Amino acid sequence: RMSRHAQKLRDHDRNPCVAETDASRKCMDDNNYNKNMCTDYFLKYKSCRKFWHEIMMQRRRNGVKPEMPSAEERKKILESME
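Within every chain, residues take consecutive numbers counted from 1 along the sequence as written. The predicted nature of this model means local features are confined to residues of pLDDT at least 70 and side-chain atom pairs, given and counted, to a pLDDT of 80 or more, with totals for whole chains, interfaces and linings taken over all residues. Side-chain numbers come from the whole structure's heavy atoms, not from hydrogens or water.

How we decide: UniProt positions are given in the numbering used here, feature names are shortened, and annotations may be inferred rather than shown by experiment.
Looking at an unreviewed UniProt entry, the protein chain carries the name Coiled-coil-helix-coiled-coil-helix domain-containing protein 7, with the source organism given as Piaya cayana. According to the UniProt record, the Subcellular location (unreviewed entry) comment for the protein chain reads "Mitochondrion intermembrane space". Among the UniProt annotations of the protein chain, the heading Sequence similarities (unreviewed entry) holds the following wording: "Belongs to the CHCHD7 family."

## Here we look at the nonpolar core
For clarity, the cut-off: Here, nonpolar core refers to any group of buried Ala, Val, Leu, Ile, Met, Phe, Trp, Tyr and Cys residues whose side-chain atoms link them within 4.5 Å. For each residue, the accessible area found with a 1.4 Å probe, counting protein chains only, is set against the maximum for its type, and the residue is called buried under 20%, exposed over 50%, and partly exposed in between. Residue contacts are counted whenever heavy atoms from the two residues lie within 4.5 Å of one another.
Core analysis: the biggest nonpolar cluster contains six residues, these being Cys17, Cys48, Trp52, Ile55, Met56 and Met68. In this view, Cys48 contacts Pro16, Cys17 and Glu20; residues no more than four positions away in its chain are not counted.

## So, the pattern of salt bridges
When the charged atoms of two side chains with opposite charge come close together, those side chains can pair. Basically, it comes down to this: Take a side-chain nitrogen of Lys or Arg and a carboxyl oxygen of Asp or Glu: if they are within 4 Å of each other, that pair is a salt bridge.
Here the structure, examined in full by the defined rule, presents five salt bridges. In this structure, Glu67 engages Lys65 in a salt bridge whose closest nitrogen and oxygen atoms are separated by 3.6 Å. Of the residues examined, Lys65 reaches a relative accessible area of 65% and is grouped as exposed. Residues participating in the shared-partner salt-bridge network are Arg60, Lys65 and Glu67.

Take a look at the structure:
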């Protein structure tokens, strides 16, 4: 059974970077934990966190709740940027 913290990290509505987290972890597993082999995955994760953190802060400033858009809402935001 997962801890409450682990469940939050797996919740797509709360954590917009689940896919990037999983990809980084898989890269580390596949490359015997050689971080140098996974730099691209770490950068994608970092970019993801930065992007959604900025959106969350903007929503907080604007009084929008919830501060983190739901998974469905995030999908629409990303599609509007393509």
